[in-house]
Structures are given as structure tokens and as C-alpha cells.
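As a plain string of letters, each chain reads:
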Amino acid sequence: MPVRWHHGTFTVTVRVLRIPTARGCPPLTVRLDRPIPYPADTVRSVTLLFADGRLSVDITVELPVTAYSAGQEPDPRRVAGVDLGIIHPFAVATAGGGHSLLVSGRAIRAEHRMHLADTKGRRRAAAARAPGKGQRGSRRWRKTRRRARLVEGRHRRRVRQALHEAAKTVVSWAVHQRIGTLTVGDPRGVLDLPAGRRHNLRLRQWQIGRTLQILQDKAALAGIRVHLVDERGTSSTCPACQKRISQPRGRNMTCPHCAFAGHRDLAAAYTIAGRTPGGATTTPPAASGGVVTHRRAGRHLPGVARARRDPRRRPPRTVTAGSVGRRRPAPPTLVGSRSPKGEDPQLSRGTPGERSWTPH
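Everything numeric here is computed off the predicted structure, so don't read it as measured data.

*Asks:* Whenever I open this one, the sheet that holds strand β9 (residues 99–104) confuses me. Can you help?
*Replies:* To summarise the sheet geometry, strands pair through backbone hydrogen bonds and adopt either a parallel or an antiparallel arrangement. Taken together, the six strands give an open sheet; going across it, the order is β11-β10-β7-β8-β9-β14, and neighbouring strands pair in mixed fashion. For this open sheet the edge positions go to β11 (225–230) and β14 (291–296), each flanked by a neighbour on one side alone. Along the sheet, successive strands turn relative to each other by an average axial angle of 25°, direction set aside. Sheet topology places strand β10 (residues 179–186) next to β11; six bridges connect them, and they run parallel. Each residue of the ladder has a partner; that of Val184, found in β11, is Leu228. Lying over the sheet, helix α5 (residues 264–273) contacts β7 (75–84), β8 (90–94), β9, β10, β11 and β14, oriented at roughly 135° with respect to β7.

The following block contains the structure:
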């Protein structure tokens with residue numbers, strides 16, 4: 001179980017953590033894999049935990065709000081709406097409709113699909129050598145479970161890192177646009193609706209609560225306020241004429257009542273911006289959608305690099321590079337042979353598998 005120590009009971013140096021144990025016993029010294037990236041006096045608590053076969057330290061740090069120079073701080077009157085999704089984790093649009101941001105999460109979906117395929121393949125391969133029902137405590141069973149925990153932990157860390165990168169992209173864009181208020185549509189009401197086996201799996205992999213918490217933490221550190229509002233009906237409402245339309249199947253929305261046409265996630269973000277508590281000054285967005293900035297989340301995930309392949313896979317062997325063929329052991333060296341000089345005894349075989357030798 002995780003054990004936590006609060007400020008004043010532990011000491012942290014560059015890469016050494018000393019935590020107290022029982023009374024009268026020396027403290028426990030934990031050597032860290034890398035130094036803590038925060039000043040030691042800002043650490044308020046440390047938690048020692050064991051998860052996924054790894055011993056790790058979780059720290060809580062008190063950090064001040066980012067200080068800006070005069071004229072560069074976020075303006076609370078500038079409002080932007082944020083629409084959360086699966087294909088695009090964040091779609092952000094300003095209340096004026098001039099600037100917007102789209103963060104692609106296709107690499108995160110690819111990571112989920114590849115992890116699911118790897119898990120199924122691993123289970124099929126391990127089914128033949130899996131221990132029986134009466135051998136759950138065997139060494140083979142422990143090794144199998146340990147390997148599964150390591151792979152699951154690596155997958156969760158990859159997705160968590162990608163969500164942090166996506167939220168950091170949104171906050172950095174908002175600071176650049178001097179946006180002081182983010183109105184986020186809360187979609188957690190759809191989690192209780194049964195939508196079939198496949199879509200329920202997508203909703204479980206979405207991690208809405210973690211995404212909201214990460215965005216709120218980074219926005220608070222940057223001095224940006226976050227409001228959660230109901231996002232019901234935003235994907236089926238035209239942001240220009242505010243009339244209900246049928247939800248489009250693709251990524252583009254076309255209103256039959258007016259001339260608006262644009263990305264449906266950005267349209268939903270613009271509608272969410274109009275639901276800011278206290279009211280937000282909104283103007284009808286242009287048909288072209290203004291300046292749209294595209295970003296990708298998870299630079300370490302498959303599908304983001306130029307090669308567009310899974311970095312966990314070995315690169316395929318190309319035909320142009322040539323093949324040395326099947327590896328075979330080196331031929332045995334004959335000791336004491338009286339073969340003529342320059343003659344290879346291995347080339348004078350009579351039948352396959354017969355060894356050449358010369359009697360002494």
C-alpha cells in the first residue's frame with residue numbers, strides 16, 4: 001500500500017531521499033533514478049508506492065503562479081471554449097471565432113489499438129504454456145503476471161504522457177493568445193449510457209476525469225481560470241445561427257439554414273464558449289473558421305514520427321539492403337589434415353553430412 005510522508009519528516013538532496021522508519025531505527029535511504037525537477041523547499045509531501053512491478057516516488061510540490069510582464073498576462077475577459085473528444089482530445093475556439101486550436105489524438109488511439117492487439121497475441125502465445133489451475137503460485141505463473149504488469153504499466157505511462165503534452169499545448173496556446181478564461185464542456189454524463197461493446201471500450205480508454213484534472217492543474221499554474229459547463233447539444237447546434245441541425249457523420253459541419261461550414265469540433269467549442277458563466281461576448285464565426293492551428297499529442301507514440309510506424313517494432317528488412325541468408329555455424333577446423341596446400345577439405349565431400357579426413 002502507498003505510504004506518505006509530509007513536509008518536515010523527510011529530507012531530499014539531489015538524488016537521495018531519506019524517509020523516517022520506526023522509532024529508534026535509522027532512516028530509509030532511497031536513491032532516485034533522476035533528480036527532482038523542483039526546488040527541495042517546495043516539496044510538501046512524498047509518497048512511496050509500488051505499481052506495475054516498479055518502485056516509484058510520487059511528490060507533491062507547491063508552485064507559484066506564473067508571473068508575466070506588463071501587457072503579456074492573460075486577460076480574464078478573453079474567453080475560449082474547449083470541446084473534449086476522442087479523435088481530438090482538445091478543440092479550442094475563441095469567443096470571437098478568429099483563432100482556434102485542434103489537438104489530434106490519433107496517435108493515442110493507435111497506441112490503444114496496438115496495445116490491445118499485443119495483449120491478445122501475448123495471451124494466445126502464453127495459453128499453451130500457462131500453468132494449470134492448481135499451479136497459480138508457481139514460478140511460471142509469477143513470471144507471466146509480472147510481464148503483463150510491466151507491459152500494462154508502460155502503456156499507461158505512454159498515454160498519460162501524451163495527455164500531459166496535449167494539455168500543455170492547449171495552455172501554451174491560450175497564454176500566447178492572452179486568454180484568461182477557458183470554458184470546458186463536461187462530457188462525463190455520457191459515461192453511464194450503454195452504447196455497445198466497442199464504444200464502451202472507447203469511453204473507458206478516453207480517461208475524461210484525468211484529462212480534466214491535468215488541464216485544470218496546468219491552467220491554474222498559468223493563471224487561467226477554468227469553468228465546467230454542460231456540453232449537451234453543442235455538436236448539433238450551428239454556432240452562427242444557433243439552430244439545431246443533424247449531427248454530421250464526418251468531421252465537417254454544414255448548416256442548411258445559413259452559409260456556415262467548418263469543423264464540427266471547433267463549432268462545438270465556439271458554442272461552449274457562449275455558455276460561460278456571466279456571459280461572454282461572442283460574434284458569429286466566419287465561414288472559413290479563421291486561423292486554425294493543428295497540433296499532435298504524443299510525439300513518442302506510433303503514427304507521429306515521419307516513418308509512421310510503431311517504435312516498438314523492429315524495422316522491416318528491405319530487399320535492397322540484401323540478405324545474408326540463414327545463419328549457420330562455422331565449419332569445423334580439421335586438425336592434422338594432410339590435404340594439399342590451398343585445398344579446402346570442406347569442398348571435397350562425397351555425400352552431404354560426410355566429413356573429409358586424411359589418414360595419417
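That was the structure; now back to the text.
*Asks:* Sorry, what's going on with the sheet that holds strand β6 (residues 54–61) here?
*Replies:* Here three strands make up an open sheet; going across it, the order is β1-β5-β6 and the pairing antiparallel. Each edge of the sheet is formed by a strand with only one pairing partner; in this case those strands are β1 (3–6) and β6. Averaged over all pairs of adjacent strands, the angle between strand axes in this sheet comes to 15°, irrespective of strand direction. Alignment of β1 against strand β5 (residues 43–51), held across four bridges, turns out to be antiparallel. Bridged to Arg4 within β5 is Thr47.

*Asks:* I would appreciate a short explanation of a positive patch on the surface in the present structure.
*Replies:* On the surface, a cluster of positive charge is contributed by Arg34, Arg54, Arg123, Arg145, Arg146, Arg147, Arg149, Arg154 and Arg157. Per-element tally for the positive patch: the top contributor is helix α2 (residues 139–176), with six residues.

*Asks:* Even after reading the chapter, I still don't get the pattern of salt bridges, so can you show me in this structure?
*Replies:* Once the charged atoms of two side chains with opposite charge are near each other, the side chains can pair. Applying the stated criterion across every chain yields a total of five salt bridges. With a shortest N-O distance of 3.0 Å, Arg44 and Glu62 are connected by a salt bridge. Of the two residues, Arg44 is situated in strand β5 and Glu62 in the loop between β6 and β7; the sequence distance between them amounts to 18 residues. Given a relative accessible area of 31%, Arg44 falls into the partly exposed group. Overall, Glu62 belongs to the partly exposed group, its relative accessible area being 47%. Here Arg158 ties to Glu111 by a salt bridge, and the two come within 3.4 Å at their closest N and O atoms.

About the thresholds
Residues numbered from 1 in each chain as written. Predicted model: local features only at pLDDT ≥ 70, side-chain atom pairs only at ≥ 80, totals over all residues. Heavy atoms only, no water. Pairing = 2+ DSSP bridges. Helix = DSSP H or I, 4+ residues; strand = E, 2+ residues; numbered from the N terminus. Axes fitted to C-alpha atoms, helices over the stretch in contact; angles between N-to-C directions. Contact = heavy atoms within 4.5 Å. Patch = residues over 30% accessible without salt bridge, like charges linked within 9 Å, V, L, I, M, F, W, Y side chains within 5 Å. Areas by Shrake-Rupley, 256 points an atom, 1.4 Å probe, with all protein chains shown as cover. Salt bridge = Lys/Arg side-chain N within 4 Å of Asp/Glu carboxyl O. Lys, Arg positive; Asp, Glu negative; His and termini not counted. Charge placed at Lys NZ, Arg CZ, Asp CG, Glu CD. Buried < 20%, exposed > 50% of the residue type's maximum accessible area, 1.4 Å probe, protein only.

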